[in-house]
Amino acid sequence: ARVDKGGYKHFMAKEIAEQPAVVGEAIRHYLPAGDDSVRLPGEGLDFTKVDRLTMVACGTAYYACLTAKYWFEQLARIPVEVDVASEFRYREPPIPPRTAALFVSQSGETADTLAALRYCQGKADHILSVVNVPESSIARESDLALPIHAGVEIGVASTKAFTCQLTVLLILALKAAADRGALSPEALADQIATLRGLPQLMNIALDGAEPVHRAALQLAEARDVLFLGRGLMYPLALEGALKLKEISYIHAEAYASGELKHGPIALIDPTMPVVVMAPRDGLFDKTVSNMQEVLARKGKVMLISDEDGIDEAKDGVWSAIRMPKVAPLLAPILYALPAQLLAYHTAVAKGTDVDQPRNLAKSVTVE
Ligand code: G6P
């Protein structure tokens, strides 16, 4: 079926707006209503037989993997390695017994990711993939392929595929935690109930996104932008910087907030916007103290946080984006929305080709 823009100016805007629906779709698929267990297709993957997880991907899918590392380690206590596919395959890493290898790819056709998968065949106990295209090469060559149910994604800069990848990876981490006894059945049921509420929070975040639009008009004037986050917000900071680079051509980079003092703080001056992603979670005070180091050097801070976080830390910030309160584990999925919208509105303000940015391809099937 032909996909059109459905009244939006760009496919990217449409795909951003679709996220509550498609994330809801992914949740219902793996967590059918009236049941508090995770339903995966196929023979039943048993994480008690898995001692380590190796995750491999490129681009946005790689940042989904980096996020999932926190989930698998914290929830399921499984050690996780994450690599970009082009590094992984040429390093020829050893694959010990009881390793599961997991490949994440929207298209399922990325040449480096597919080659990394083939390297693991015959070495890893399980070849798993998280894909948007169930007929793709990566899906076909996996022992178990988990579709993300995002629907066709046309915008070259990935949006809904990212949040759906995260959703499926979190569900897989919950299953791993349950298999390994790291989550009791009651705790699993609680996590599932919380996850089912996520699409509604995504709707609220999208409805309240006008301040992101206003801030983007100023961000469009910047030459460089720094994104900061800690814990689960660090991979999202990387994804926020990638989105901005891809479509607005503004140089952006991301740092784990705690690394600020080891270099990037030298860049801070009154012309440098710094986007701080910090829900009021266990790491909030630490992130805010890093943010204050930026403010003390007259950096221009955009703080993305919840009501409590903003009330507590808004003094001196240039822009404050209020997000609905969310369980800390789900924050990267919800906070992806303002990160995407910031890049989108900045690119629109600059007049770039949002859906077809220069030099980029939707799917890179050659090395
Ligand atoms: C290209 C796209 C990115 C994407 C990456 C990986 O660079 O422009 O948006 O994240 O490939 O693609 P995949 O299909 O493997 O997720």
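Above this note sits the structure.
Residues numbered from 1 in each chain as written. Predicted model: local features only at pLDDT ≥ 70, side-chain atom pairs only at ≥ 80, totals over all residues.

> Explain the sheet that holds strand β10 (residues 319–323) to me, and be specific about the residues and the numbers.
An order of β7-β6-β8-β9-β10 is seen for the 5 strands of this open sheet, with the pairing classed as parallel. Looking at which strands have only one partner, the edges of the open sheet turn out to be β7 (251–256) and β10. Looking at each pair of strands side by side, their axes are set apart by 20° on average, direction ignored. Pairing of strand β6 (residues 224–229) with β7, which is carried by 6 bridges, proceeds in the parallel orientation. Looking at β7, one finds that Gly229 is bridged to Ala256. Against the sheet, helix α10 (residues 210–219) engages β6, β8 (273–277), β9 (300–306) and β10, with an angle of about 150° to β10. (Pairing = 2+ DSSP bridges. Helix = DSSP H or I, 4+ residues; strand = E, 2+ residues; numbered from the N terminus. Axes fitted to C-alpha atoms, helices over the stretch in contact; angles between N-to-C directions. Contact = placed C-beta atoms within 7 Å.)

> I'd like a description of the pairing of β10, backed by residues and values.
Of the two faces of β10, only one is covered, namely that formed by Ser319, Ile321 and Met323; the face formed by Ala320 and Arg322 stays uncovered. Bridge count for β9 against β10 is 5 bridges, and the pairing is parallel. Looking across to β10, one finds that Met302 is bridged to Ser319. (Buried ≥ 20, exposed ≤ 12 C-beta atoms within 10 Å, placed from the backbone.)

> Just give me the short version of the site of the ligand, but keep the residues and values in it.
Close to the ligand lie 16 residues, the nearest being Gly59, Ser105, Gln106, Ser107 and Thr110. Ranked by residue count, the leading element in the shell around the ligand is helix α3 (residues 59–76), at 3 residues. Its residues assigned to classes, the shell around the ligand shows 6 nonpolar, 9 polar and 1 charged. (Near = placed C-beta within 6 Å. Nonpolar A, V, L, I, M, F, W, Y, C, P; charged D, E, K, R; others polar.)

> Give me the lowdown on the sheet that holds strand β3 (residues 99–105), citing residues and values where you can.
Sheet architecture is open: 5 strands sit in the order β2-β1-β3-β4-β5, paired in parallel fashion. If you trace the sheet from one side to the other, it starts and ends with β2 (80–84) and β5 (144–147), each paired once. Direction aside, neighbouring strands of the sheet carry axes that sit 20° apart on average. By the bridge criterion, 6 bridges tie β3 to strand β4 (residues 126–131) in an arrangement that is parallel. Of the residues in β4, the one forming a bridge with Leu102 is Leu128. Along the sheet face, helix α7 (residues 160–179) touches β3, β4 and β5 and points at about 145° away from the line of β4.

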